[in-house]
Structures are given as structure tokens and as C-alpha cells.
Amino acid sequence: MSDVSGVDQVGLKSQVGKVSSKPQVSVDSVQNKQNIEGTEELKNIEIEMEAADHAFALMTEIRQKIEAAYNELSPSESE
């Protein structure tokens, strides 16, 4: 139990009387990595959404052209 009494916030008091630093674990690096991964995931989702928007715009344009061509080729109701 005498070893426990030598513990403070900065370091451990060794048996020789010298102070040695404790290994301190920082969660900053873990949080930074998670933030970077989250940012990359958001960028990937944004790219996918832009691709989907572009594909939808192309489909809409094709549909309008097909409808216009169909209306040109179909006999009019007045004839």
C-alpha cells in the first residue's frame, strides 16, 4: 500500500525516490481520426448524391425528348 500513497497527478514516485511520468492516454488522436473518417464519409455521400442528382436530371431530359418525339409522330386528334 505504500506504493499507492506516492501516486499523484503528474507521476509515480519510484522506490528510489525519483518521479517518473505516467503514461497518459489521450483521446484527442482517437477523436481526430473519427472526425476525419466522418468527414470522408460525408464527402463520399455528397459525391454519391451529386451523381444521383445528375443521373435524375439526365433521365428527366431523356423523358422529355421521348415525349416530344412521340407527340410529333403520333397522329393529331383533329385529323
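Residues numbered from 1 in each chain as written. Predicted model: local features only at pLDDT ≥ 70, side-chain atom pairs only at ≥ 80, totals over all residues. Heavy atoms only, no water.

(A) Representation of the overall build of the protein in the model. For the protein, the count of helices and strands is two helices and two strands. The secondary structure elements of the protein, listed N-terminal to C-terminal, are α-β-β-α. Each of the 79 residues in the protein was classed as buried or not, and the buried ones make up 1%. Surface exposure of the protein reaches about 7,800 Å², of which carbon and sulfur atoms provide 57%. (Helix = DSSP H or I, 4+ residues; strand = E, 2+ residues; numbered from the N terminus. Buried < 20%, exposed > 50% of the residue type's maximum accessible area, 1.4 Å probe, protein only. Areas by Shrake-Rupley, 256 points an atom, 1.4 Å probe, with all protein chains shown as cover.)

(B) Main features of the pattern of salt bridges. According to the stated counting rule, one finds two salt bridges in the structure shown. The closest approach of N and O atoms between Glu61 and Lys65, which form a salt bridge, is 3.2 Å. You can see Glu61 and its partner Lys65 sitting in helix α2 (residues 28-73), four residues apart, about one turn around the helix. Residue Glu61 is classed as partly exposed on the basis of its relative accessible area of 39%. A relative accessible area of 54% places Lys65 in the exposed class. When the shortest N-O distance is used, the salt bridge between Glu67 and Arg63 registers 3.1 Å. In this pair, Glu67 and Arg63 are both assigned in helix α2, four residues apart and thus about one turn of the helix distant. Of the residues examined, Glu67 reaches a relative accessible area of 39% and is grouped as partly exposed. (Salt bridge = Lys/Arg side-chain N within 4 Å of Asp/Glu carboxyl O.)

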